[in-house]
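# Working through the structure, step by step
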Amino acid sequence: MKIPFRQYLALLSRYMQPQRGRVILLTVLLFGGLGLQLIGPQVLRYFIDRAMNGSGAAALLPIALLFIGLALVAQILNIWATYVSQNVGWTATNALRKDLAEHCLNLDMPFHNAHTPGELIERIDGDITAMANFFSQMVIQVLGNLLLLLGVLVLLWQEDWRVGLALTIFSIFAIWVLNLVRNIAVPRLTAESKSRANLYSYLEERLSGTEDIRSSGAREHVMNGLYLALREVFHRGRASGTVFALVWSISNAMFLISYILIFGSGAYLFSVGAITLGTVYLFFQYTEMLRAPLEQMTRQVQELQKATAGIHRVQELYNTVSKIQDGSGQQHLPAGPLSVEFDQVFFTYNDNDNNNNDDNEAANNKSNAENMVLKNLNFKLEAGKVMGLLGRTGSGKTSTTRLLFRLYEASQGAIRLAGIDSRDLKLADLRQHIAMVTQEVQIFHASVRDNLTFFNKNILDEQILQVIEELGLKEWYERMPRGLDTILRESGSGLSAGEAQLLAFTRVFLENPGLVILDEASSRLDPATERLIERAVDKLMKNRTGIIIAHRLATVQRADEIMILENGRVLEHGSRELLANDAHSRFAQLMRTGLEEALA
């Protein structure tokens, strides 16, 4: 896996540009520390030579104090640089997390059907965390260590060309070896990250289904699956760790060679009187200083390998393009009830999975035709009318509503709202004018206010309280210890099924859409609560267009029209009263036999 250098550069420039002041400060701090490291051994050499020549404590004390002062300043600069680099790294990675999360939220439903929340959490958080050092100091430290390496070699050449030549050859060899092993670990790191994503995906799915797992006695099966996922993480982690150990061992072996070179040449030159003891120590210190940048460069290579794996997986997500493209926005939906029109609409979920080529295009087209969920769907619902949508499971009712929201794209045909093709509308504009209430109400870990307004700060508290009063949620609201600021959790913080439905209706009232879709929102409620819900539905449908997906006869009594789907086609569509009075209509038959049984 090789990523072009321009991708590293583009990523750095995008997320480091807003922090250029901090980056400049970090550069100054790191390079200042490197300069002090080069000066330190020179001071020690001077101290040793003066001591060997018999200088007293009075002469040596200023030199010692100078060395201690330089070391203290170097440590302060190092601590300061560490703080700034962490600040830069986390700021950059948080910005990247935000951008990547927003990108994933904008992707279409086929993408989210193919990737579980647990997997996306690992990719958005885990992979980007591995890139923190890449943003904070990787480039600066690699450049700084190269400059330190060059500085040490230049000073060694000045002291003795033979020592300088030997360590220059060694350094070139070491850099060549490190560059050779640069990409060894990347595939293994990618495999390890993927196995962790699979583990988090498995945990998220199983923990969310705890009740079903326990009630069906499937705990042993779940634990066995967890063991298999953990074993995969272990094997992948061991493989990447083994490669890291190999790189580290190669580095240590090379430094052993450097010590042999420096002690051998130092001993020889000192024995013939070519250098002083202080210079021998200077050679040793500079050799140690060579070890530091080469070791750090080795670590940076490892960090770069981690970053490369993360960049590759992040780039995969960024390269995923939603099939649902935003409209031009040249037209806008009007306020008030909206007309709905389906014009020769065909739809299949398989469209999102096929990558046709010339050889299998005909076969795929035939398969698509057989798997069409909606087949030449044609109907028109006038603005302000309510339509009851009936049909057996799998007839295409839910798919029809998903197409209205453009959660999926129609394979063929056009869908118009207020006479405007939905593909020409901005998605935000489209979804602002449509609302849906289903049997399952999502409660967010947020305040009552945010749960009701979907985090829209423009809705006043007075509006919220008025709608709560109108929909019969006052008793529930009065139980909230902090009113609208009370934090709800996914469990609903004491919300009954009926209260959760009323909360969903409150959201719709506050949004004030022109089209409301009810997916049998009251099918699981007790009679008393259902009556309360029915009153809320009556208020909700006033001066709005409505589509009610129904399984019970009582639900469609308020409908102006009835449409029955069967196998993705319109079986029957017309006025509810006319169809009910037509003994030969399918709707009349459903009324006689019982809607619930007939649509089961």
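Our structure is the block above this text.
Here the structure is a predicted model, which is why all the values come from computation and not from measurement.

Right, let's talk about the side chain of Asp108 for a bit. Along the polypeptide, Asp108 turns up in the loop between helix H3 (57–105) and helix H4 (109–114). Of the side chains bearing the opposite charge, Lys323 lies closest to the buried Asp108, which forms no salt bridge; the N-O distance is 6.4 Å. Here Asp108 is in contact with Ser322, Lys323, Ile324 and Leu407, once residues within four sequence places are set aside.

Another point: the pattern of salt bridges. Overall, the coordinates contain 18 salt bridges when judged by the stated rule. With its nearest N and O atoms 3.4 Å apart, the salt bridge here joins Glu192 to Arg196. You can see Glu192 and its partner Arg196 sitting in helix H8 (residues 186–208), four residues apart, about one turn around the helix. In this structure Arg196 comes out as partly exposed when scored by relative accessible area, which is 33%. Residues Asp421 and Arg423 are paired through a salt bridge, measuring 2.9 Å at the closest nitrogen-oxygen approach. Bridged by salt links that share partners, the residues Arg14, Lys98 and Asp99 form one connected network.

Moving on, we get to the sheet that holds strand E5 (residues 420–421). The antiparallel open sheet is built from four strands, whose spatial order is E2-E1-E4-E5. The sheet is open, and its two borders are formed by strand E2 (374–381) and E5, each paired with just one other strand. Bridge count between strand E1 (residues 340–347) and E2: five bridges; the pairing is antiparallel. For Glu341, the partnering residue across the bridge sits in E2 and is Lys380. Running over the sheet, helix H13 (residues 397–405) touches E1, E2 and strand E4 (412–417) and is turned about 110° from E1.

Mapped onto the elements, Val386 comes out in strand E3 (residues 386–391). Taking the C-alpha atoms as reference, Val386 lies 9.2 Å from Val516; in sequence the two are 130 residues apart. Discounting chain neighbours no more than four positions away, the residues touching Val386 are Met541, Gly546, Ile548, Arg558, Ala559, Asp560 and Glu561.

Quick look at the pairing of strand E10 (residues 545–549) now. For E10, a buried count of five out of five residues is recorded, marking the element as mostly surrounded by other parts of the structure. Neither face of E10 is open: one carries Thr545, Ile547 and Ile549, the other Gly546 and Ile548, and all of them are buried. Two elements, E3 and E10, share four bridges in a ladder whose sense is parallel. When the sheet's bridge partners are listed, Gly388 is paired in E10 with Ile548. Sheet analysis places strand E9 (residues 515–519) next to E10, joined by five bridges and oriented parallel. The residue bridging Ile517 from the neighbouring strand is Ile547, located in E10.

Moving on: the environment of Ala130. With respect to the helices and strands, the residue Ala130 is situated in the loop between helix H5 (117–129) and helix H6 (132–159). On the basis of relative accessibility, which here comes to 26%, the residue Ala130 falls in the partly exposed class. Sequence separation between Ala130 and Thr308 is 178 residues, and the spatial gap between their C-alpha atoms is 9.3 Å.

Attention shifts here to the sheet that holds E10. Read across the sheet, six strands follow the order E6-E9-E10-E3-E11-E12 without closing on themselves; strand pairing throughout is mixed. Each having just a single partner strand, strand E6 (434–437) and strand E12 (569–575) make up the two edges of the open sheet. The mean inter-strand angle of the sheet, taken between neighbouring strand axes irrespective of direction, is 15°. Two strands pair when backbone bridges link them, and strand E11 (residues 561–566) and E12 are joined in this way by six bridges, in the antiparallel orientation. Looking across to E12, one finds that Ile562 is bridged to Gly574.

We now examine a nonpolar patch on the surface. Residues Trp157, Trp161, Leu165 and Ile169 make up a contiguous nonpolar surface patch of about 430 Å² in total accessible area. Mapped onto the elements, Ile169 comes out in helix H7 (residues 161–180).

Here we take up the nonpolar core. Core analysis: the largest hydrophobic core is formed by 42 residues, its most contacted members being Leu390, Trp476, Phe505, Leu518 and Ile562. Of all the elements, helix H18 (residues 497–511) adds the most residues to this core, at seven residues. Once you skip the residues sitting within four places of it in the chain, Ile562 turns out to touch Gly388, Leu390, Val556, Glu572, His573, Gly574, Arg576, Leu579 and Phe587. Residues Val88, Ile124, Met131 and Ala307 belong to the second largest nonpolar core, which totals 35 residues.

Direction vectors running N to C along H3 and H5 enclose 155°, while the axes themselves pass 10 Å from each other. By the angle between their directions, the pair H3 and H5 is classed as roughly antiparallel. Helix-helix and strand crossings are classified by hand; for H3 and H5 the assignment is right-handed. On H5, the residues that touch Thr93, Leu96, Arg97, Leu100, Ala101 and Cys104 of H3 are Arg123, Ile124, Asp125, Ile128 and Thr129. Along the lines of polarity and charge, the residues of the contact of H3 with H5 split into six nonpolar, two polar and three charged.

On to the packing of aromatic side chains. All chains considered together, the criterion is met by six aromatic pairs. Ring centres 4.8 Å apart and planes at 20° place the aromatic pair Phe342 and Phe379 in the stacked group. A residue pair is termed long-range when its members are at least 10 positions apart, and Phe342 in strand E1 and Phe379 in strand E2 qualify at 37 residues. Looking at Phe342, the relative accessible area reads 2%, which means it is buried. Note on Phe379: relative accessible area 5%, which makes it buried.

Conventions we followed
For every chain, the first residue of its written sequence is number 1, and the numbers climb from 1 along that sequence. Confidence filtering applies because this is a predicted model: local features only for residues at pLDDT of at least 70, side-chain atom pairs given and counted only at 80 or more, and all residues used for totals across whole chains, interfaces and linings. Side-chain metrics rest on all non-hydrogen atoms present in the structure, leaving aside hydrogens and water. Each helix corresponds to a stretch of at least 4 residues labelled H or I by DSSP, and each strand to a stretch of at least 2 residues labelled E; elements are numbered beginning at the N terminus. Partly exposed describes any residue whose relative accessible area lies between the buried limit of under 20% and the exposed limit of over 50%, with all areas from a 1.4 Å probe on protein chains only and scaled to the type maximum. Counted as positive: Lys and Arg. Counted as negative: Asp and Glu. His and the chain ends are not counted at all. The rule for a salt bridge is simple: a side-chain nitrogen of Lys or Arg has to be within 4 Å of a carboxyl oxygen of Asp or Glu. Throughout, a residue-residue contact means that at least one pair of heavy atoms, one from each residue, lies within 4.5 Å. By this definition, two strands are paired if DSSP reports at least two bridges between them. Lines fitted to C-alpha atoms define the axes here, with helix axes fitted over just the stretch in contact, and angles between the N-to-C directions of these axes take values from 0 to 180 degrees. Every patch collects residues that have over 30% relative accessible area and no salt bridge, joining them within 9 Å if they carry like charges and within 5 Å if they are nonpolar side chains (Val, Leu, Ile, Met, Phe, Trp, Tyr). The Shrake-Rupley method, run with a 1.4 Å probe, gives the accessible areas here. Residue values count only the displayed protein chains as cover. In this description, a nonpolar core means a group of buried Ala, Val, Leu, Ile, Met, Phe, Trp, Tyr and Cys residues linked to one another through side-chain atoms lying within 4.5 Å. Geometric relationships in this document are graded by angle, where less than 35 degrees denotes roughly parallel, more than 145 denotes roughly antiparallel, 65 to 115 denotes roughly perpendicular, and other angles denote oblique. The handedness criterion is simple: a crossing whose near helix is rotated anticlockwise from the far helix by less than a right angle is left-handed, and one whose near helix is rotated clockwise is right-handed. Lys, Arg, Asp and Glu make up the charged group, whereas Ala, Val, Leu, Ile, Met, Phe, Trp, Tyr, Cys and Pro make up the nonpolar group; the residues left over, Gly among them, are polar. Centres within 6.5 Å make a pair out of two Phe, Tyr or Trp rings, where for Trp the six-membered ring is used; the pair is then stacked when the planes are under 30 degrees apart, edge-to-face when over 60, and tilted otherwise.

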